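Spelled out from the first residue to the last, the chains are:
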Amino acid sequence: MSTACEELVDPKQIKLDQIIDKHKHGNGPLIPILQGAQEVYGYLPAHVIKHISKATRIPVARIYGVVTFYAQFRQTPVGRNLINICLGTACHVRGGAKIVETIEKELKIKDGATTEDGRFTLEVIACIGACGLAPVISINNEVHGRLLPESIAGILAKYE
Amino acid sequence: MAENQRILVCAGTGCASSGALPIIDILNDEIKRQGLEETVSVVGTGCQGFCEKGPTLVIEPQQILYTRVTGEDVAEIVEQELIKGERVERLLLVDQTTQKPVSLMADIKFFAKQHRIILHNCGVIDPKKIEDYTARDGYKGIEKALKEMSPEDVLEEVKKSGLRGRGGAGFPTGLKWGFCRSTPSDKKYIICNADEGDPGAFMDRSVLEGDPHSVIEGMLIGAYAIGADEGYVYCRAEYPLAIKHLGIAIRQAEEAGYLGDNILGSGFNFHLNVFEGAGAFVCGEETALIASIEGKRGMPRVRPPFPAVSGLWGKPTNNNNVETWSNIPHILRNGAEWYGQFGTEKSKGTKIFALTGKVNNTGLVEVPMGTTLREIIFGIGDGIQGGKKFKAVQIGGPSGGCLPDDMLDLSVDYDTLMQAGAMVGSGGLVIMDETTCMVDIARYFLNFTKKESCGKCTPCREGTTRMYEILDRITKGEGKEEDLDTLETLALTIKETSLCGLGQSAPNPILATLKYFRHEYEAHIRNHKCPAHNCSALLSYTIDVEKCKMCSLCAKNCPTNCISGDKKTNTPYVIDEDKCIKCGTCIDKCKFGAVSRA
Amino acid sequence: MEWLTLTIDGREVSVPKGTTVLDACRMNNIPIPTLCHAPELTSAGACRLCVVQIEGMRNLPPSCVTQATQGMKVETQNPKVRNARKVILELLVANHPLDCMTCQKMGDCSLAEYAYDYGVNGEVYQGEKRNLPIDSGNPFILRDQNKCILCGKCIKACSEIQGKSILDFSHRGFDTQVGPAFNLPYNESDCDFCGSCVSVCPVGALVEKQMVGKGRPWEVSKVQTTCPFCGVGCNFDLNVKDGKVIGVTSNPDAPVNGKALCVKGRFGMDMIYSDNRLTTPLIRKDGVLVPAEWDEALDLIATKLGEIKKTHGPNSIAALSSAHCTNEENYLMQKFMRAVIGTNNIDHCART
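Predicted, not measured: the structure shown is a model, and the values here were computed from it.

*Asks:* Please clarify how the confidence of the model for chain B should be interpreted in this entry.
*Replies:* Atomic detail in the predicted coordinates should be set aside for any region of low pLDDT. For chain B, mean pLDDT is 93; residues scoring 70 or higher make up 99% of the total. Per-element confidence in chain B ranges from a low mean pLDDT of 81 for helix α1 (residues 13-17) of chain B to a high of 98 for helix α10 (residues 212-226) of chain B.

And the structure:
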């Protein structure tokens, strides 16, 4: 019997409730809760946002407003590999835009989208802070620097 | 080698991404294998500042710098340098002027011409060890403050030092603290703004990564002077290493009795929290940052009331950025007079710049305020990459401006730059050469600000998009003569009517480029030409059949496969203009000069 | 009360301490255009249309959130100020549909009024415009986000006055929108359709759906009346065209409720012309309801109640009264039940 009951409880939900409990009595709990929830689920599905609203008594519209305001929060699942293309000033000056074009053409997706096979999600970000290596991209937090358009295909091939 | 040696391996974000972390392990193994572990120690440090040449390592005490080191080089370094005491010449930096290798840091322009006060621990100590910090006079500033000085004395000292906020506007720090101190309240907060959002600036990240205790100490001193007992460090989530090192440092400081209740038996309490920002440039604006900590959308609000009167949760709050806070311990330890010897009359101390773009030495550079741009770019930076011609330097990120070569002798300080139409800002210096198009740079910054506008006030929300659209049309050759007037009117209105600093400064890149590079705008509009050969819509690539040897190198390297031709069938190589993304790879690859760009 | 003297457009005026520059102007009949300001809501200082020039101040501060101070010198109509306002209006109009001919708000639209004043025609800035679906899935409120100027007053009316917080901003920058969570249509959210959002919308983004196509603001006469739905005593304006009520709008001077109303008061007036509305008493005769005179009906009730009380006792009778009646009427009803019938069996539809 006991195993059957455990199966009914979503382990992610348990983690989420722990995160909410940890933060909800402190000041300004919303953003840490959302960050924790996104770590658990990989993104912020609507039912999670509604659950957080109920547990914290913060109106769901306000939470949705916060989720859509900050670049960190995502409402769709991320692909198996996350490509962050840096378009900081240093990267821009050293040809970052061409890296973006090449990757977009190679994967046939635009900024913010995920390939149909779920292999890559593409995000253009403002600055990784690795300006000395410009232009740079990072795939799954692994930084590739001093890039040229022709080196892209080889790098992408390493990620399944 | 009889004396003890230390090998400082840069493990900052830049070098780590160039592969520095495995080097530390390989070095340790190799040293053990050679039986040197008694006399040689390896330290993984924070950013040494010379990211371009990373991974870098420094041999102490000689101060020998090795650049672009890989795992395979380790055995040779140990053998040559540590055992024989000779240099591994191929890993030394080559001076671009003399074309000779240099080994000693004191001889390397990049380091020799700097004056490192804030960065004096970065790249030298292990940021994960509080004892490394205290061994170099760390926490002496707060000890002095608590034991010998009243909060008023501390405030006076900071006022006397002339320190101005390093986050952008350059407001006098002591004066700011005074406002918060004089607001009566049962609770006050201080905040460290580590939401370094300017693309092209990374000094705050480096300080947090490489010397986190200096920020904690600065905040302790500030809290004591202001009368706050709780603080927040608002750090970008994009800086995981900084967050990690700060977390370790806070725990160590708590254990050592520097943070918590009754600090050093003085009765002074201070607790420090880390808040991870969720990704919004506008949160660098203090009221937006406060809203963000409170769990709201990061939208700035109208001031007054200023945070010093009503800030975080309605309590008086003082906010300074990382670099400002880490100036404070030095002022307390050495006194305001000592501090005042650096810099100019109205801009005291040193400033860290992130020198990036088309310059030979990129990295972090700390110089006294008042140093000229020329000294930074051509002295420390060792000139422009590839021997190209300097065109402009972009100062102060999206809020700053671009200055041309006839302003290279300007003194870098708050007031001079402001007059010239730029600003110190957070200290990003992006160097541009003759191949950088200034209209495109303005377009780039407006694309940034339009994406980062919070959307609250009309001029910024709607205006940045319209300015971007006009610039985008100009770079595509679709500009109209009247566009320049429209841009100017729009820019001035947005500057004067926007709610916060983001909107008020968003037009700066346009105003500055219009002022100094108007001819580039005119060339795009009137002649449909991009003088820098940068704007791809105005370029076309062609292959000269006469010069082409049909080697197929261009076609093989083309990322979009838009070049076709065949030597066997004698079909000439041509470029399909529709598929061409104008990346220029074909030009770079062609050995015969057969590809041309117009 | 402490008074301050300041100079506005060369004119010396005195206002109480704590007055904003905007209120100082309005108290003295100096016109200032505003879009995001409403006296009953907290000020955001967001639309920036109310900017003025103040001696000694950097930039052009918004008058709605700038406190008047002693000796302040304000200019509200100089060319610099007017040009700035014109640019702001041009920016708003550039991202706003120009279908004013069929827009229900025409004639009562603040944006159109100021565009007229400042000579703005929407031609200066050509570029991207929002293209969002129109929310018409509910019977009360027609919501066209493309007309929204993001003043945020609806959000505040929902949270500060109604206490519901159904609406908020979402996304940011040029993509900013206002709406319920997940940008759902109103009918899929927890909205009660009180319509407070409609009452504060300065443009045609939120309009009373029932009134669309029924009449222009200048064609209707507004008749202030008390809501008949319950005893609270809310006041509003009946919008009457050609002798017919076409809808209800808030009357900001309503002493009890201000602009606030509930869904019944604001959107329930279609009952006036409902075919199902009872206009005479009906008596069931041989299984069929037949219209009757009031006297006949009341006599019948009195006789029947008397009989039942006699045969089965007073507690066999119960009465349910209505929120539609006034408090006085409800008081009389319970008095009648207790004193005349002799029972405590009295209840009210809005008790819970």
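Moving on from the model shown.
*Asks:* I would appreciate a short explanation of empty space enclosed by the protein in the present structure.
*Replies:* Left-over empty space is what a probe sized like a water molecule reveals as it rolls over the atoms. All names here are of chain C. Taken as a whole, this structure holds 6 cavities of 30 Å³ or more when the rule is applied. If you go around the largest cavity, you meet 18 residues; those closest to its centre are Cys148, Cys154, Val178, Ala205 and Leu206. Grouping the amino acids of the lining of the largest cavity by side-chain chemistry returns 13 nonpolar, 3 polar and 2 charged. Considered as a void within the structure, the second largest cavity measures approximately 120 Å³ in volume. Among the secondary structure elements, those contributing two or more residues to the lining of the second largest cavity are α4 (153-161) and α5 (196-200). A breakdown of the residues in the lining of the second largest cavity according to their chemical character gives 9 nonpolar, 3 polar and 2 charged.

*Asks:* Would you mind showing me how to read the interface of chain A and chain B here?
*Replies:* Taken together, the 39 residues of chain A in the interface contact 59 residues of chain B. Counting across the chain A and chain B interface gives 2 salt bridges. For the interface between chain A and chain B, the tally reads 18 residue pairs in polar contact (both at pLDDT 80 or more). Going through the elements one at a time, α3 (30-41), α5 (60-69), α6 (89-93) and α7 (96-107) of chain A are the ones with two or more residues in the side of chain A that touches chain B. For the side of chain A that touches chain B, the class distribution of residues is 19 nonpolar, 12 polar and 8 charged.

*Asks:* Explain the pattern of salt bridges here, please?
*Replies:* Any two side chains of opposite charge can pair, so long as their charged atoms come close to each other. All names here are of chain B. Enumeration over the complete set of coordinates arrives at 50 salt bridges over all chains. Note that lysine 113 and glutamate 375 form a salt bridge whose closest N and O atoms lie 3.9 Å from each other. Taken as a pair, lysine 113 in the loop between α4 (109-112) and α5 (130-135) and glutamate 375 in helix α15 (residues 373-380) lie far apart in primary sequence, 262 residues in all. A relative accessible area of 37% places lysine 113 in the partly exposed class. Note on glutamate 375: relative accessible area 30%, which makes it partly exposed. Its salt-bridge partner being lysine 129, residue aspartate 126 comes within 3.9 Å of it at the nearest N-O pair. In this structure, a network of salt bridges that share partners links the residues Glu481, Glu488, Arg518, Glu522 and Arg526.

*Asks:* Where do I start with a nonpolar patch on the surface in this structure?
*Replies:* A cluster of nonpolar side chains, Leu8, Val9 and Ile14 of chain A, forms an exposed patch at the surface whose accessible area comes to about 300 Å². You can see isoleucine 14 of chain A is positioned in helix α2 (residues 11-24).

*Asks:* Which parts of the structure should I look at to understand the domain arrangement of chain B?
*Replies:* A common way to state how big an interface is: give the accessible area lost once the parts meet. For chain B, the assigned domains are domain 1 (5-112), domain 2 (130-340), domain 3 (350-433), domain 4 (438-526) and domain 5 (540-597). Centre-to-centre, using C-alpha coordinates, domain 2 of chain B lies 56 Å away from domain 5 of chain B.

*Asks:* What should I look at first to understand the packing of helix α19 (residues 483-497) of chain B against helix α2 (residues 79-94) of chain C in this one?
*Replies:* Axis angle and axis distance: for two packed helices, these are the angle between their axes and the distance between the axes, and together they describe the pair. Between α19 of chain B and α2 of chain C, whose axes approach to 10 Å, the crossing angle comes to 105°. Viewed along their axes, α19 of chain B and α2 of chain C adopt a mutual orientation that is roughly perpendicular. Two secondary-structure elements touch here, α19 of chain B through Thr489, Leu490, Thr493, Glu496 and Thr497 of chain B and α2 of chain C through Lys80, Ala84, Val87, Ile88 and Leu91 of chain C. Residue classes in the contact of α19 of chain B with α2 of chain C are distributed as 5 nonpolar, 3 polar and 2 charged.

*Asks:* Would you take a moment to explain the environment of proline 184 of chain B for this structure?
*Replies:* Residues and elements named next belong to chain B. When you line up the elements, proline 184 lands in the loop between α8 (173-181) and β7 (189-194). Proline 184 sits in the exposed class, given a relative accessible area of 77%. As a C-alpha pair, proline 184 and serine 18 span 166 residues in sequence and 51 Å in three-dimensional space.

*Asks:* Where do I start with the pairing of strand β13 (residues 288-291) of chain C in this structure?
*Replies:* On any regular strand, side chains alternate: one points to one face of the sheet, the next to the other face. Residues and elements named next belong to chain C. Two elements, strand β12 (residues 282-285) and β13, share 4 bridges in a ladder whose sense is antiparallel. Bridged to leucine 282 within β13 is proline 291. Here β12 folds back onto β13 in antiparallel fashion, the turn holding 2 residues, of which aspartate 286 has a positive phi close to 55°.

Definitions and cut-offs
Residues numbered from 1 in each chain as written. Chains lettered and ligands numbered in written order. Predicted model: local features only at pLDDT ≥ 70, side-chain atom pairs only at ≥ 80, totals over all residues. Heavy atoms only, no water. pLDDT = per-residue confidence, 0-100. Helix = DSSP H or I, 4+ residues; strand = E, 2+ residues; numbered from the N terminus. 1 Å grid on protein atoms, 1.4 Å probe; cavity = no way out; pocket = protein on both sides within 12 Å on 5 of 7 lines; lining within 4 Å. Points joined across faces, edges and corners; volume = space filled by probe spheres on them. Nonpolar A, V, L, I, M, F, W, Y, C, P; charged D, E, K, R; others polar. Contact = heavy atoms within 4.5 Å. Salt bridge = Lys/Arg side-chain N within 4 Å of Asp/Glu carboxyl O. Polar contact = N/O pair within 3.5 Å; in protein donor to acceptor, adjacent residues only side chain to side chain. Buried < 20%, exposed > 50% of the residue type's maximum accessible area, 1.4 Å probe, protein only. Patch = residues over 30% accessible without salt bridge, like charges linked within 9 Å, V, L, I, M, F, W, Y side chains within 5 Å. Areas by Shrake-Rupley, 256 points an atom, 1.4 Å probe, with all protein chains shown as cover. Domains from an automatic or database assignment. Axes fitted to C-alpha atoms, helices over the stretch in contact; angles between N-to-C directions. Parallel < 35°, antiparallel > 145°, perpendicular 65-115°, else oblique. Pairing = 2+ DSSP bridges.

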